[in-house]
Amino acid sequence: MTKFLPLGKFSFGMGDRFGHQGKAQLQACVKATELGAEVVPVWNKSNREHAFIGTEPSSLRAEADAAVKTLGWKKSYHVDADHIRLETVDRFISPSDFFTIDVADSIAKPAAAKDVKAFVEGHPELIGKISIPHISHPFAITRVEVERVANKFLLAVQDAGKIYRHIVKAKGAANFITEVSMDETDSPQTPPELLIILAALSDEKIPIQTIAPKFTGRFNKGVDYVGDVKQFEKEFNEDLAVIAFAIKKYGLPASLKLSVHSGSDKFSIYETMRKALKKFKAGVHIKTAGTTWLEELIGLAEAGGDGLEIAKEIYAYAIGHVDEFCAPYASVIDIDKKKLPPAATVNGWSSKQFVSALRHDQKNPAFNPSFRQWLRVIVKVAAKKGKRYLNALKKHEAVIARNVTENLFERHMKPLLLGK
Ligand SMILES: [Zn+2]
C-alpha cells in the first residue's frame, strides 16, 4: 500500500484564530488522556481563516510546537492545512503534516464520460445486493445508480487525487495525513454513496485516513445539532459500517475514520456517536474551530473591566452590519435577528449577563443561541482591533485559558469519548 503518516484513533481538530490558546487547548487533551481517552491534538486553520486574521500557515506550526514544548506533550500531534485546494495548498506544505483536501466545489460537476464508464465497468461488485456487516438491509444498488453517483462525485475524487499527488511530490507520501472533505455542499451523502466514493478514492490510490461527509441535519456553527437525531444515528452507524467494510474491500488504511466538521457544540448527538464508535471499535476526528474564539470572548467578558469593554465594543460594531457578516455563513447559521439585543442593551450588561448569554449552557435560561452564533461569525471585527485585542488576550490569559480548556474537555471530549 501507499505510504502515509498514521493518525491515532481519536483526534481533535482545534482551531485558534489568534494563535494564543494552543496551550489551553492542549491542556484539554492532557486531561482526557489522563482519564484514559487518548486524544491526538490537531491544530487546524483554513486558508480563509488565515486571510481573515492576516496570518501565515507557519504561525500555526509555531504555536503547536510551542504548546507541545511548554506542556511536555510526548505523544503525537499534527498541524492541519484545513480545506485546501490546488490553488491554495503551496504555502501550507512545509508547516503542515495533515491536509484536508476540499473537493466540495467539484461535486455534481461531471467527470469525463469515458472515466465514468471505466469506473462503473471496473466495479461490478458495487452493482446488485451488497451485504455489509451491521447494516440490517443489504444495499441494492443498480448500475444506473452507480453511474449517477459517479457522475456526481468522480470529478471531485479525481481532483482529490491531483491535489494529493501534488503534496506527495513536495513532501513525500510518508510525511502526512490525508483527509478528504465533502461537507461544504448542499445535500448529505448517503451511506451507499459513501461506499462508492471510497471505492473511487482507492482507485486514485489516496491513503485516506479521514473523510468528512456532509451528514444529515444542520451542523450550525457554535450551537447544537438541529435535525432528526434518530435519522442521524442510523446514518452515522451505517457510515461506520461502510468504512469498516471499505477498508477491507479496497485496502484502504486501517486507520480510516469519519471526520465531523463543525463538530463542536453538537451536544445532543455526542452520546449517539459515542455508542456507535464503541460498537464499531471505531475512531473519529472531531473538527472544531470557532468554539475556542467564543471562549476567548467569554473569558474577556468574565474578566470584566477592559476585557468586558472590548467584548462589548466588538458586539456593538458588528450589530450595525448584520447582513454583511451573515451572508457568507448562510448555510451554517440560523440566527433569529429579533433575538439580537441592541448595542445599548449589551453595553449596560454586567460580566455575568454577557457570559450567560454567550456560554453554551443549555440549562441557563439566559443563554441566547442567536447571540452566540452571531458572535461566532464576527471574528473579523476582533481582528481589526489588532494589537489592542491581542494585548487583552495576554492580559486576561488565565481566565480565558480556563474557559478554553474547560469547554473542550468538559463539554466535548468527556461526553464524546468518556461518557458523562
Ligand atoms: Zn469543513
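Further up the page is the structure itself.
The rules behind each value
Residues numbered from 1 in each chain as written. Predicted model: local features only at pLDDT ≥ 70, side-chain atom pairs only at ≥ 80, totals over all residues. Heavy atoms only, no water. Pairing = 2+ DSSP bridges. Helix = DSSP H or I, 4+ residues; strand = E, 2+ residues; numbered from the N terminus. Axes fitted to C-alpha atoms, helices over the stretch in contact; angles between N-to-C directions. Contact = heavy atoms within 4.5 Å. Core = buried A, V, L, I, M, F, W, Y, C linked by side-chain atoms within 4.5 Å. Buried < 20%, exposed > 50% of the residue type's maximum accessible area, 1.4 Å probe, protein only. Donors = N, O, S within 2.8 Å, 3.2 Å for Na, K, Ca; no water. Salt bridge = Lys/Arg side-chain N within 4 Å of Asp/Glu carboxyl O. Arc of directions from axis to C-beta. Phe/Tyr/Trp six-rings, centres within 6.5 Å; stacked < 30°, edge-to-face > 60°.

(A) Expanded view of the sheet that holds strand β8 (residues 208–212). With parallel pairing, eight strands are arranged side by side around a closed barrel as β1-β2-β3-β4-β7-β8-β9-β10. Averaged over all pairs of adjacent strands, the angle between their axes in this sheet comes to 25°, without regard to strand direction. Of the pairings in the sheet, the one linking strand β1 (residues 10–14) to strand β2 (residues 39–46) comprises five bridges and is parallel in character. For Gly13, the partnering residue across the bridge sits in β2 and is Val42. Of the strands in this sheet, β1 and β2 are in contact with helix α1 (residues 22–34), which crosses β2 at around 155°. Packing of helix α7 (residues 191–203) onto the sheet brings it into contact with β7 (177–181) and β8, and relative to β8 it is tilted by some 145°.

(B) Broad picture of the nonpolar core. Residues Leu195, Leu198, Leu201, Ile211 and Phe236 are the most contacted members of the largest nonpolar core, which totals 95 residues. Considering every element that reaches this core, the biggest residue donor is helix α6 (residues 143–171), with 11 residues. Apart from the residues lying within four places of it in its own chain, the contact partners of Leu195 are Leu126, Ile130, Ile132, Phe139, Val242, Phe245, Ala246 and Tyr250. Judged by nonpolar contacts, the second largest core, of 41 residues, contains Ala301, Cys326, Tyr389 and Ile400.

(C) Quick peek at the side chain of Thr216. Note on placement: Thr216 falls in the loop between β8 and α8 (229–250). Residues in contact with Thr216, not counting those within four places in the same chain, are Pro188, Tyr225, Gln231, Phe232 and Glu235.

(D) Seen up close, the coordination of the zinc ion. At 1.9 to 2.4 Å from the zinc ion lie its protein donor atoms, namely His83 (NE2), Asp183 (OD) and His261 (ND1). Positions of the donor residues of the zinc ion along the chain correspond to the pattern H-x99-D-x77-H. One end of the pair, His83, is in strand β3 (residues 78–84); the other, His261, is in the loop between β9 (257–260) and α9 (267–280), with 178 residues separating them in the sequence. Pair check on accessibility: His83 and His261 agree, each one buried.

(E) Expanded view of the pattern of salt bridges. One pass over the full model with this rule turns up 34 salt bridges. Where Arg61 meets Asp65, a salt bridge forms, and the shortest distance between an N and an O atom there is 3.2 Å. In this pair, Arg61 and Asp65 are both assigned in helix α3 (residues 57–71), four residues apart and thus about one turn of the helix distant. Looking at Asp65, the relative accessible area reads 30%, which means it is partly exposed. Asp80 is the salt-bridge partner of Lys287, the closest N and O atoms lying 2.9 Å from each other. Here Lys287, found in strand β10 (residues 284–288), pairs with Asp80, found in strand β3; they are 207 residues apart in sequence, far enough to count as distant. Using a relative accessible area of 4% as the deciding quantity, one classes Lys287 as buried. Through salt bridges with shared partners, one network takes in Asp80, Asp82, Glu179 and Lys287.

(F) View of the pairing of β7. Most of β7 sits out of view: five of its five residues are buried. Burial along β7 is two-sided: Ile177, Glu179 and Ser181 and Thr178 and Val180, pointing in opposite directions, are all buried. In this sheet, β7 lies alongside strand β4 (residues 98–102) in parallel orientation, the contact comprising five bridges. Across the sheet, the residue bridging to Phe98 is Ile177, located in β7.

(G) The arrangement of helix α17 (residues 387–395) in detail. For α17, the complete set of buried residues consists of Tyr389, Ala392 and Leu393. Along the long axis of α17, the arc covered by the buried residues comes to 100°, so they all point the same way. The exposed set on the far side of α17, more than 90 degrees from its buried face, consists of Lys387, Lys394 and Lys395. Where α17 is buried, its residues contact α10 (290–303), α11 (305–319), α16 (379–384) and α18 (397–418).

(H) Examining the packing of aromatic side chains more closely. According to the stated counting rule, one finds 19 aromatic pairs in the structure shown. On the numbers, 6.3 Å between centres and 80° between planes, the contact of Trp43 with Tyr77 is edge-to-face. Residue Trp43 is found in strand β2, and its partner Tyr77 is found in the loop between α3 and β3; the two are separated by 34 residues along the sequence. For Trp43, a relative accessible area of 0% puts it in the buried group. Taken together, Phe215, Phe219, Tyr225, Phe232 and Phe236 form an aromatic cluster joined through their ring pairs.

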